[in-house]
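What follows is the residue order along each chain.
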Amino acid sequence: MGLHKDEKLNHLLTLLPEGVAAPSHWLSGQGYSRQLLRKYVQSNWLKSLGRGVYARPQVEVRWEGVVLGMQRLAGLSFHVGSITALNRQGYAHYLPLGGEKVIHLWGQDKVPAWVRAVPLSEKLQFHTNCLFEPQAAETGFVDKPSGVRDWSIRMAAPERAIMEVLYEVQDYEGSFNHALELFEGLTALRPVVVNTLLQHCRKLKVKRLFLFMAGRVAYPWCEKIDSTK
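Summary of the structure given here. Because the structure is a prediction, the values reported are computed rather than measured.

1. Considerations on helix H10 (residues 204–217)
- Here H10 spans 20 Å end to end across 14 residues, near enough to the 20 Å set by a 1.5 Å rise per residue.
- Three or more residues of H10 are buried, namely Val206, Lys207, Leu209, Phe210, Met213, Ala214 and Val217.
- Those residues of H10 that are buried lie in contact with helix H7 (158–167), helix H8 (173–184) and helix H9 (191–199).
- Looking at the residues trailing H10, positive phi occurs at Ala218, about 55°.

2. Looking at the packing of H9 against H10
- Running from amino to carboxyl end, H9 crosses H10 at an angle of 145°, the nearest separation of the two axes being 10 Å. From H9, Val194, Leu198 and Gln199 reach across to H10, where they touch Lys207, Phe210 and Leu211.
- Tallied by class, residues from the contact of H9 with H10 come to four nonpolar, one polar and one charged.

3. A few points about the environment of Arg51
- Mapping Arg51 onto the fold places it in the loop between strand E2 (47–50) and strand E3 (53–55).
- Sequence-wise, Arg51 and Ala113 are 62 residues apart; in three dimensions their C-alpha atoms are separated by 8.3 Å.
- The contacts of Arg51, once residues within four sequence positions are left out, are Trp114 and Ala117.

4. Side note on unusual backbone geometry
- Although it is not a glycine, Asn44 sits at a positive phi angle of roughly 65°.
- For Asn44, the location among the structural elements is in the loop between helix H3 (34–42) and E2.

5. What about the packing of aromatic side chains?
- Applying the stated criterion across every chain yields a total of seven aromatic pairs.
- Aromatic pair Phe183 and Phe210: ring centres 5.1 Å apart, planes at 70°, arrangement edge-to-face. Within this pair, whereas Phe183 is found in helix H8, its partner Phe210 is found in helix H10, the two being separated by 27 residues in sequence. Across the pair, exposure class does not vary: Phe183 and Phe210 are buried alike.
- Here the aromatic residues Phe183, Phe210 and Trp221 are joined through ring pairs into a cluster of three or more.
- Over the aromatic face of Tyr32 sits the side chain of Lys8, whose NZ or CZ is 4.5 Å from the ring centroid.
- Stacked on the ring of Tyr167, the Lys or Arg Lys205 has its end atom at 5.7 Å from the ring centre.

6. Some remarks on the packing of H8 against H10
- Running from N to C, H8 and H10 point in directions that differ by 55°, and their axes come no closer than 10 Å. In terms of their interaxial angle, H8 and H10 are classed as oblique. The two elements H8 and H10 meet at a crossing, and its hand is right-handed. Here Phe176, Ala179, Leu180, Phe183 and Glu184 of H8 come into contact with H10, specifically with Leu209, Phe210, Phe212, Met213, Ala214, Arg216 and Val217.
- Residues belonging to the contact of H8 with H10 are distributed by class as follows: ten nonpolar, no polar and two charged.

7. Thoughts on the nonpolar core
- Ranked by internal contacts, the top residues of the largest apolar core, which has 74 residues, are Ile162, Met163 and Phe210.
- Ignoring any residue separated from it by four or fewer positions in sequence, one finds Phe210 in contact with Ile162, Met163, Leu166, Phe183, Leu189, Val194, Leu198 and Trp221.

What counts as what
- Residues numbered from 1 in each chain as written.
- Predicted model: local features only at pLDDT ≥ 70, side-chain atom pairs only at ≥ 80, totals over all residues.
- Heavy atoms only, no water.
- Helix = DSSP H or I, 4+ residues; strand = E, 2+ residues; numbered from the N terminus.
- Expected span 1.5 Å × (residues − 1).
- Buried < 20%, exposed > 50% of the residue type's maximum accessible area, 1.4 Å probe, protein only.
- Contact = heavy atoms within 4.5 Å.
- Axes fitted to C-alpha atoms, helices over the stretch in contact; angles between N-to-C directions.
- Nonpolar A, V, L, I, M, F, W, Y, C, P; charged D, E, K, R; others polar.
- Phe/Tyr/Trp six-rings, centres within 6.5 Å; stacked < 30°, edge-to-face > 60°.
- Lys NZ or Arg CZ within 6 Å of the ring centre and 35° of its normal.
- Parallel < 35°, antiparallel > 145°, perpendicular 65-115°, else oblique.
- Left-handed = near helix turned anticlockwise from the far one by under 90°.
- Core = buried A, V, L, I, M, F, W, Y, C linked by side-chain atoms within 4.5 Å.

Structural measurements only, silent on function.
Next up, the structure:
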């Protein structure tokens, strides 16, 4: 392999961490042709995860690596949300044995085919509902370490995540009770963030459930919630 090709390969290994799914259109934008990618796969520098998506072969790509590829490489707006975000931030009432089977992702982008091509043990559940008005588009998020270099994963902060959970509450007692159990674990929400999200929430059901549960738990932060929003 020539010096120029060595430089391109080394640059790719710098750009793409192990365990992250890279869409082919991103690789193309970095100057890597389909022909060159095939050579890298044949030489075991890359592996094909499915049509239009690649990764380095040393580490298994898990759902976090797909989300990093979506957020950091493809520039998609999807974030880790609802119960998955609460679980990842330590607010789970209980975790299923063997870990989560469904990963909840929220956003309004179209889900690209390469995301669904990656084989995963978990199911990626996409929610494209427009729950909040544009004024709250950047409210209620947190960036958490991913364990991959200095890359972080964007997810809903607890204030937004619990409202996403409430949106999914169904008309049966078990669904409501599970949401209430999660709500009871939120002892220190930020009233400023809660009020902004309530003000710009599009779904009356979410507002009503949130205020009802806030009245049930009666934590100190609940006293600062504006119920007129």
